[in-house]
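# Remarks on the overall topology
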Amino acid sequence: MEDLTAAVWRRLEREPDVLQVIEMQPLDGGRFRYLIKTPFDTFPRFVIGTTDATLADVRIRAKCGAEWNAKRLWAEGQVAA
């Protein structure tokens, strides 16, 4: 699964609305949870979401303006998969 996670990470980083993938975690059912930094100068700067391996089914779970808040939500698992 690690190879697939790395492949999804690289694929996500090539998306135009993604500046950097900060965290990624495989989930059951072939989905992945991610925390990204966007290239936007305004809200949202950080997004937590889930996707499938092909990025065809992306679901945004939280949007944050501050990195500390996005990382807090990620670490606490407050954003449901």
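Here's what I pulled together on the structure shown here. Keep in mind that what you see is a predicted model, and the values were worked out from it rather than measured.

With that settled, consider the packing of aromatic side chains. Applying the stated criterion across every chain yields a total of zero aromatic pairs. It is R33 that lies over the ring of W74; its NZ or CZ is 3.8 Å from the centre.

Every buried residue of helix α2 (residues 67-76) is accounted for by A70, L73 and W74. For α2, the arc enclosing every buried residue in end-on projection is 100 degrees, short of the 170-degree limit, so these residues lie on one face. The outward face of α2, more than 90 degrees from its buried face, is lined by the exposed residues W68 and A75. Lining the buried residues of α2 we find β1 (20-26), β2 (31-37), β3 (46-52) and β4 (59-64). One or two steps after α2, the chain reaches G77, where phi turns positive at roughly 65 degrees.

Turning our eyes to something else, we now look at the environment of V18. With respect to the helices and strands, V18 occurs in the loop between α1 (2-13) and β1. In this structure the C-alpha to C-alpha distance between V18 and R59, which are 41 residues apart in sequence, comes to 14 Å. Setting aside residues up to four positions removed in sequence, V18 forms contacts with L12, E13, I36, K37 and P39.

Rules of the game
In every chain, residue numbers begin from 1 and rise along the written sequence. Two thresholds apply to this predicted model, a pLDDT of at least 70 for residue-level local features and 80 or more for giving and counting side-chain atom pairs, whereas whole-chain, interface and lining totals are computed over all residues. Heavy atoms throughout the structure, all of them, feed into the side-chain values; hydrogens and water do not. Side-chain rings of Phe, Tyr and Trp, where Trp is taken by its six-membered ring, are said to pair if the distance between their centres is within 6.5 Å; with planes under 30 degrees apart they count as stacked, over 60 as edge-to-face, and otherwise as tilted. The rule for a charge over a ring is simple: NZ of Lys or CZ of Arg within 6 Å of the ring centre, and within 35 degrees of the ring normal. Accessible area is worked out with a 1.4 Å probe on protein chains only. A residue is then buried under 20% of its type maximum, exposed over 50%, and partly exposed in between. Elements are defined by DSSP. Helices are runs of H or I of four residues or more, strands are runs of E of two residues or more, and each kind is numbered from the N terminus. What the arc covers is the set of directions going from the helix axis to the C-beta atoms. Contacts are assigned to residue pairs that have any heavy atoms within 4.5 Å of one another.

Just geometry here; none of it tells us what the structure is for.
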